[in-house]
Amino acid sequence: MKKGFVFLLFLLSSVSASEIRPFESDGCSSFPDGTLWQNELWLACCTAHDYAYWQGGTFEQRLQADQELEACVSAVGEPEIARLMLAGVRVGGTPYLPTMFRWGYGWPYPRGYKALSDEERQQIEALEG
């Protein structure tokens, strides 16, 4: 009975793992979206970063997304904030914690690091409109 239950859970998780939820962004998650004077200064950077995190993919793709976030925030004139944000996403964005902002958060947990299949890319493209 126990083996059958575990197999059923595995089967259900593998079926649901093939569907991505529509993209949602919470801005800069637990971090401010900008300064006191420009309260959305780097929000676009965070939204682009969220889009990459929503899709997920390989470890190298995550590292690239994090570096692009750092470069974007630096480009709006906040290199110190950019370095702080980079440290935060490197620690907090791991795909191995069931957070709403983890790497690959559009897919059911757990996904880990995994290259997107052609079918998964098609799902993403279909949601893009």
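Above this text sits the structure in question.
Visitor: Pulling in residues and values, what's your account of unusual backbone geometry?
Guide: The omega angle of the peptide bond from Tyr109 to Pro110 is -5°, so this bond is cis rather than trans. One non-glycine residue, Ser29, adopts positive backbone phi at about 55°. Here Ser29 lies in the loop between α1 (2–16) and α2 (43–55). The exposure class of Ser29 is partly exposed, given its relative accessible area of 31%.

Visitor: Quick rundown of α2? Include the residues and the values.
Guide: Residues separated by three or four positions in an α-helix point in the same direction, a consequence of the helix having 3.6 residues per turn. Compared with an ideal rise of 1.5 Å per residue, which puts 13 residues at 18 Å, α2 spans 19 Å between its outermost C-alpha atoms and is within 8% of the ideal. Every buried residue of α2 is listed here: Leu43, Cys45, Cys46, His49, Asp50, Tyr53, Trp54 and Gln55. Packed against the buried residues of α2 are α3 (59–75), α4 (79–92) and α5 (118–128). In the segment just after α2, Gly56 is the residue with positive phi, at about 75°.

Visitor: Account for the pattern of salt bridges, with residues named and values stated.
Guide: For the structure shown, the criterion picks out three salt bridges. Among the ionic pairs, Asp66 bridges to Arg62, the shortest N-O distance being 3.7 Å. Taken as a pair, Asp66 and Arg62 lie in helix α3 at a separation of four residues, close to a single helical turn. Across this residue pair, the class does not change: Asp66 and Arg62 are buried. A salt bridge links Glu120 to Arg111; its shortest N-O distance comes to 3.0 Å. Exposure class is identical for Glu120 and Arg111. Each is buried. Salt bridges sharing partners connect three or more residues here, namely Arg62, Asp66 and Arg90.

The rules we used
- Residues numbered from 1 in each chain as written.
- Predicted model: local features only at pLDDT ≥ 70, side-chain atom pairs only at ≥ 80, totals over all residues.
- Heavy atoms only, no water.
- Helix = DSSP H or I, 4+ residues; strand = E, 2+ residues; numbered from the N terminus.
- Buried < 20%, exposed > 50% of the residue type's maximum accessible area, 1.4 Å probe, protein only.
- Expected span 1.5 Å × (residues − 1).
- Contact = heavy atoms within 4.5 Å.
- Salt bridge = Lys/Arg side-chain N within 4 Å of Asp/Glu carboxyl O.

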